[in-house]
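# Inside the fold
Below, each chain spelled out in residue letters.
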Amino acid sequence: MSALPGARAVHHIAYTVPDLEQAVGFFVDVLGAELAYRLGPVEDPEGDWMTRKLGVHPRASAHIAMLRLGPVTNLELFEYTAPDQDRGRPRNSDWGGHHFALYVDDVDKAVEYLRDVPGVTILGEPETITEGPIAGDRWVYFTTPWGLHMELINMPEGMPYEETTDTRLYHPVERWEDHRPKTAEAPVSAPENVRESAPESASEETPDAVSESVPETVNSNPFNRRVIEEFRANGGRVADFGDVPLLLLTTTGRRSGHTRTTPLVHLDHEGRHIVFAANGGADGDPAWYRNLMASGTATVELPGRRFAARPVPVPASEHEELWRRQAAQDPNFAQFRDRTHREIPVVELVPVEVAR
């Protein structure tokens, strides 16, 4: 099988991430990985074991998580602290540049799912290779909220390269679910159109308070569901976003007529609630924006407050200042406009008085 005596398989791949909790949450909640175990801190406060064994600074310290990502891949994640740590992220063209690919049944369907995940950036649109040894390969790159490059890929049977070699690339034939523990239960989804109780502050006599509960179709994205639950349970604070302010926007689908709640990073500027239809810098407007503009109304949730709102496009003369402020509180936004030729809409969510 191999020139290396006894070699049987690749046991795992490993990546160093800036925030282990964030990365584990993303791989488990968004991609469906299973957490196997955690280790740490791995360190040697007085000796040089870390340098001799791991090739890092002797005072480096690491926390580790091992996950199973599908039928055949183990993924090890490291969060290091080290006096000489380089926090720059190599591009794919740099030495040390890297990415890994997930095989999916339908690249386009997977892309639509990821578009709803806060912080994920889809790099362009899916493409199908039409010539060469892998003609028929459909693929697209995306980046995780912390900047790791990943790829979605689907390669059909009978690729052209197979005509010139006996070597065959691994082609998944098994489903992830077949390898999960038999005793594990699938997560139970709440029924659609659940009517939720409005917070106490919604009954206060303010012109923008909504006294009635809001019917809501459960968000199909596991990461978004977790963010929504954490937001509501912790007064608007969500660990993955730190001090970056979030709001929940409930819109009505243009075609389906169903309501859907989306967590959004927003800018609270001089009492105005500003949102940016950045979509991670993708070339298409996000679904929440298209639904919002089509219906002309939505429900906004802030810590301790819920109100009906209408979208008002912000004049172009204000965009630069608002983008500057938004990028200051969330640096991801500094990159979004450079990734697309689309003029990214900037919208103010203006409270409207609710008839009583």
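Starting afresh in each chain, residues are numbered from 1 along the sequence in its written order. The predicted nature of this model means local features are confined to residues of pLDDT at least 70 and side-chain atom pairs, given and counted, to a pLDDT of 80 or more, with totals for whole chains, interfaces and linings taken over all residues. Computation of side-chain values covers all heavy atoms of the structure but excludes hydrogens and water.

What describes a pair of aromatic rings is the distance from one ring centre to the other and the angle between the planes of the rings. Ring geometry is summarised as follows: Phe, Tyr and Trp rings, the Trp one being its six-membered ring, pair when their centres sit within 6.5 Å, and such pairs are stacked at plane angles under 30 degrees, edge-to-face over 60 and tilted between the two. By the definition in use, this model includes twelve aromatic pairs. Ring geometry for Phe 26 against Phe 27: centres 5.9 Å apart, planes inclined by 85°, an arrangement best described as edge-to-face. This pair shows no difference in class: Phe 26 is buried, exactly as Phe 27 is. A centroid spacing of 6.3 Å and a plane angle of 15° characterise the contact between Phe 27 and Phe 100, whose relative ring orientation is stacked. A residue pair is termed long-range when its members are at least 10 positions apart, and Phe 27 in helix α1 (residues 20-30) and Phe 100 in strand β5 (residues 100-103) qualify at 73 residues. Only protein chains enter the accessibility calculation, which uses a 1.4 Å probe. A residue is then buried if its area is under 20% of the maximum for its type, exposed if over 50%, and partly exposed in between. By relative accessible area, which is 0% here, Phe 27 ends up buried. We count a stretch as a helix when DSSP gives it H or I for four or more residues in a row; a strand needs E for two or more, and each element gets its number in order from the N terminus.

What follows concerns the sheet that holds strand β7 (residues 138-143). What makes two strands pair is DSSP finding at least two bridges between them. The mixed open sheet is built from four strands, whose spatial order is β5-β8-β7-β6. In this open sheet, the two edge strands, each paired with only one partner strand, are β5 and β6 (121-128). Put simply, the sheet's adjacent strands are angled 20° from each other on average, direction ignored. Direction of pairing for β6 relative to β7: antiparallel, over a ladder of five bridges. By the bridge assignment, Ile 122 is partnered in β7 with Phe 142. The criterion used for residue contact is that any of the two residues' heavy atoms lie within 4.5 Å. All axes here are fitted lines through C-alpha atoms, helices being fitted over the stretch that makes contact, and every angle between N-to-C directions spans 0 to 180 degrees. Set on the sheet, helix α3 (residues 107-115) makes contact with β6, β7 and β8 (149-154); between it and β6 the angle comes to about 170°.

Overall, the prediction assigns the chain a mean pLDDT of 83, with 85% of residues at 70 or greater. In predicted models, pLDDT denotes the confidence assigned by the predictor to each residue on a 0 to 100 scale. Across residues 183-215, confidence stays below pLDDT 50; counting only partners more than four residues off in sequence or on other chains, it has 57 contacts.

Just to be clear on terms, a salt bridge is a Lys or Arg side-chain nitrogen sitting within 4 Å of an Asp or Glu carboxyl oxygen. As enumerated under the stated definition, the model contains 20 salt bridges in all. Among the ionic pairs, Arg 115 bridges to Glu 112, the shortest N-O distance being 3.2 Å. Taken as a pair, Arg 115 and Glu 112 lie in helix α3 at a separation of three residues, close to a single helical turn. Glu 318 is the partner of Arg 272 in a salt bridge, and the nearest nitrogen-oxygen pair spans 2.9 Å. Pair noted here: Arg 272 is in strand β14 (residues 272-276) and Glu 318 is in helix α6 (residues 316-329), with a separation of 46 residues, a long-range link.

Quick look at the sheet that holds strand β16 (residues 305-313) now. Pairing between the strands of a sheet comes from backbone hydrogen bonds, and it takes one of two forms, parallel or antiparallel. A sheet is described by the order of its strands in space; here seven strands give the open sequence β12-β11-β15-β16-β17-β14-β13, paired in antiparallel fashion. Every other strand in the sheet has two partners, leaving β12 (259-265) and β13 (267-269) as the edge strands with one partner each. Averaged over neighbouring strand pairs, the angle between their axes works out to 35° when direction is ignored. Across the face of the sheet, helix α4 (residues 222-233) comes into contact with β11 (246-252), β12, β15 (298-302) and β16 while running at roughly 120° to β11. Contacts from α6 reach β12, β13, β14 and β17 (346-351) within the one sheet, and its direction differs from that of β13 by about 120°.

We call a set of buried residues a nonpolar core when its members are Ala, Val, Leu, Ile, Met, Phe, Trp, Tyr or Cys and they connect through side-chain atoms within 4.5 Å of each other. The biggest cluster of nonpolar side chains holds 52 residues, and the ones touching the most others in it are Phe 27, Leu 31, Leu 77, Leu 114 and Leu 152. Ranked by residues supplied to this core, first place goes to α1 with six residues. Sequence-distant contacts of Leu 31, defined by excluding residues within four places in its chain, comprise Phe 26, Leu 69, Leu 102, Leu 114, Met 150 and Trp 176. In this structure, Val 275, Ala 298, Leu 302 and Leu 349 belong to the second largest nonpolar core, which totals 15 residues.

Look at α1 against α4: their axes get within 8 Å of each other, and the N-to-C directions meet at 120°. When the interaxial angle is binned, α1 and α4 end up oblique. Contacts between α1 and α4 involve Gly 25, Asp 29 and Val 30 from the first element and Pro 222, Phe 223 and Arg 226 from the second. Side-chain classes follow a simple rule in which Ala, Val, Leu, Ile, Met, Phe, Trp, Tyr, Cys and Pro form the nonpolar group, Asp, Glu, Lys and Arg form the charged group, and the remainder, Gly included, forms the polar group. Residue composition of the contact of α1 with α4, by class: three nonpolar, one polar and two charged. Angular relationships are summarised with four words: roughly parallel below 35 degrees, roughly antiparallel beyond 145, roughly perpendicular across 65 to 115, and oblique for the angles in between.

Another aspect to go through is α3. Residues Val 107, Ala 110, Val 111, Leu 114 and Arg 115 constitute the buried set of α3. Taken around the axis of α3, the buried residues stretch over an arc of 140°, which confines them to a single face. On the buried face of α3, the contacting elements are α1, β6, β7 and β8. Between the side-chain oxygen of the N-cap and the backbone nitrogen of Asp 108 there are 3.0 Å, and the N-cap of α3 in question is Asp 106. Here the arc refers to the set of directions running from the helix axis out to each C-beta atom. Polar contacts, as used here, are pairs of N or O atoms within 3.5 Å; protein pairs need one atom able to donate a hydrogen and one able to accept it. Residues neighboring in sequence count only if both atoms are side-chain atoms.

Across the six residues that make up β8, a large majority, six, are buried. What you see with β8 is no split at all: His 149, Glu 151 and Ile 153 on one side and Met 150, Leu 152 and Asn 154 on the other are buried throughout. Summarising the sheet, β5 and β8 pair through four bridges and their orientation is parallel. In the strand pairing of β8, Ala 101 is matched with Glu 151.

Most of the time, phi is negative for any residue but glycine, and the peptide bond is trans. Along the chain, Gly 40 connects to Pro 41 via a cis peptide bond; the corresponding omega equals 5°. In this fold, Pro 41 is placed in strand β2 (residues 34-43).

As a further point, take the environment of Val 312. The residue Val 312 is located in strand β16 in this model. It is 5.1 Å that separates the C-alpha atoms of Val 312 and Glu 348, two residues lying 36 residues apart in sequence. Setting aside its immediate chain neighbours within four residues, Val 312 contacts Val 346, Val 347, Glu 348 and Val 350.

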